[in-house]
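Now for the letters of each chain:
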Amino acid sequence: MLEHQSMVFSIALRVVTDRGVAEEVAQDVFLELHAQLPELESPEHVLFWLRRVTTHRSIDALRRRKSRPETPMDWNELPEIPDTSAAEDDEGLSSRLQQLVASLPAIPRSVVVLRYQEEMSPEQIAAALQMPVATVKSHLQRSLRLLREKAARSAPRQKPWVGPLERQAQ
C-alpha cells in the first residue's frame, strides 16, 4: 500500500477532482486489493490491477455524485482546515492544465490521466479500461483537440499548439 498510495490517490483525484471523494476511492481500492491479493500473481499484475480498479471506482464515484442531489452547506459553521493541497500537487501540471483536464467528461479524462500522468500505452489503457485500443486512441485524439480549443479560448492571444502530425498535414 505504501508503495502505490500516491499513484492511486493521484489517479482518483484527477478523475473525480474532489479531494474527499478521491480519498474515499483510494481507501475502497486498497480494501478491495486486500481481498484480491491472493489472486494477483506479480507486482506488475498488482500495478495493472490498481490502475484499472482506481479508474473504474473513480468513474463510479462521479456517476453516484451526479445521481445524488447536493445539499447546500453553511460554510461559516465549519472549522477552518489549512489547505495543504498546493504542497501535494504534482509539480509537472499547472493549475490551469488541471482545470482543463478536469473539465473533460469522466471516461476521456480517465484515458488522458492514464496516458499522460501514468504514462501507460494505449494498449495498456485499453486493457485496464476494457475497451478497444481504437476507442482509447479516439478518446485521446478528441480530448487533446478539445483541450487545445479550451486553452485557446481562455488565452486568445496565443496560437493553439500544433502537434507533429498536424504539421505534416499542413
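The numbering scheme is per chain: residues are counted from 1 as the chain's sequence reads. Owing to the predicted nature of the model, reporting of local features is limited to residues with pLDDT of at least 70; listing and counting of side-chain atom pairs is limited to 80 or more, with chain, interface and lining totals taken over all residues. Values shown for side chains rest on all heavy atoms present in the structure; no hydrogens or waters enter the calculation.

Student: How should I be thinking about helix α2 (residues 19-36) in this particular structure?
Tutor: An α-helical segment advances 3.6 residues per turn. Residues three or four places apart therefore align on the same side. Secondary structure follows DSSP: runs of H or I at least 4 residues long count as helices, runs of E at least 2 residues long count as strands, and numbering of each begins at the N terminus. A helix is expected to span 1.5 Å for every residue after the first. Spanning 18 residues, α2 covers 25 Å between terminal C-alpha atoms, matching the ideal 26 Å at 1.5 Å per step. For every residue, the accessible area obtained with a 1.4 Å probe (protein chains only) is divided by the maximum for its type, and the residue is called buried under 20%, exposed over 50%, and partly exposed between those limits. Within α2, burial applies to Ala 22, Val 25, Ala 26, Val 29, Phe 30 and Leu 33. Seen along its axis, α2 keeps its buried residues to an arc of 130°; they face one direction. Across from the buried face of α2, at angles greater than 90 degrees, the exposed residues are Glu 24, Gln 27, Leu 31, His 34 and Ala 35. Working note: the arc is built from the helix axis to C-beta atom directions.

Student: Sorry, what's going on with the packing of aromatic side chains here?
Tutor: Two descriptors summarise a pair of aromatic rings, namely the distance from one centre to the other and the angle between the planes of the rings. Here a pair means two rings of Phe, Tyr or Trp (six-membered ring of Trp) with centres within 6.5 Å. Their orientation is stacked below 30 degrees between planes, edge-to-face above 60, and tilted elsewhere. For the structure on display, the rule yields zero aromatic pairs. Over the face of the ring belonging to Tyr 116 we find Arg 115, whose NZ or CZ atom lies 5.6 Å from the ring centre. Counting as a charge over the ring demands two things of the Lys NZ or Arg CZ atom: a distance within 6 Å of the ring centre and an angle within 35 degrees of the ring normal.

Student: Would you take a moment to explain the nonpolar core for this structure?
Tutor: The nonpolar side chains of a soluble globular protein tend to be buried, and buried together. We call a set of buried Ala, Val, Leu, Ile, Met, Phe, Trp, Tyr and Cys residues a nonpolar core when their side-chain atoms join them within 4.5 Å. Ranked by size, the top nonpolar core spans 39 residues in total, and within it Val 8, Val 29, Leu 33, Trp 49, Leu 50, Ile 125 and Val 136 carry the most contacts. Elements represented by at least two residues in this core include exactly α1 (5-16), α2, α3 (43-67), α5 (95-102), α6 (106-117), α7 (122-129) and α8 (133-154). Among the elements that line this core, the one with the most residues is α1, at eight residues. Residues count as neighbours in contact if any of their non-hydrogen atoms are within 4.5 Å of one another. Ignoring sequence-local partners within four residues, the contact set of Leu 33 consists of Leu 40, Val 46, Trp 49 and Leu 50.

Student: Would you mind going over α5 with me for this structure?
Tutor: Among the residues of α5, those classed as buried are Gln 98, Leu 100 and Val 101. Looking straight down α5, one finds its buried side chains confined to an arc of 160°; they lie on one side. Each element contacted by the buried residues of α5 is listed here: α1, α6 and α8.

Student: Got a minute to help me understand unusual backbone geometry in this structure?
Tutor: Phi is mostly negative for residues that are not glycine, and the peptide bonds are mostly trans. Within the chain, Thr 17 stands out as a residue other than glycine whose phi angle is a positive 55°. Assignment of secondary structure puts Thr 17 in the loop between α1 and α2. Phi at Glu 119 is positive, roughly 55°, even though this residue is not glycine.

Student: When you look at the environment of Val 29 in this model, what are you seeing that I'm missing?
Tutor: Relative to the assigned elements, Val 29 resides in helix α2. For the pair Val 29 and Ala 12, spaced 17 residues apart in the sequence, the C-alpha separation amounts to 9.9 Å. Every residue in contact with Val 29, bar those within four places of it in the chain, is listed here: Val 8, Trp 49, Leu 50, Val 53, Thr 54 and Arg 57.

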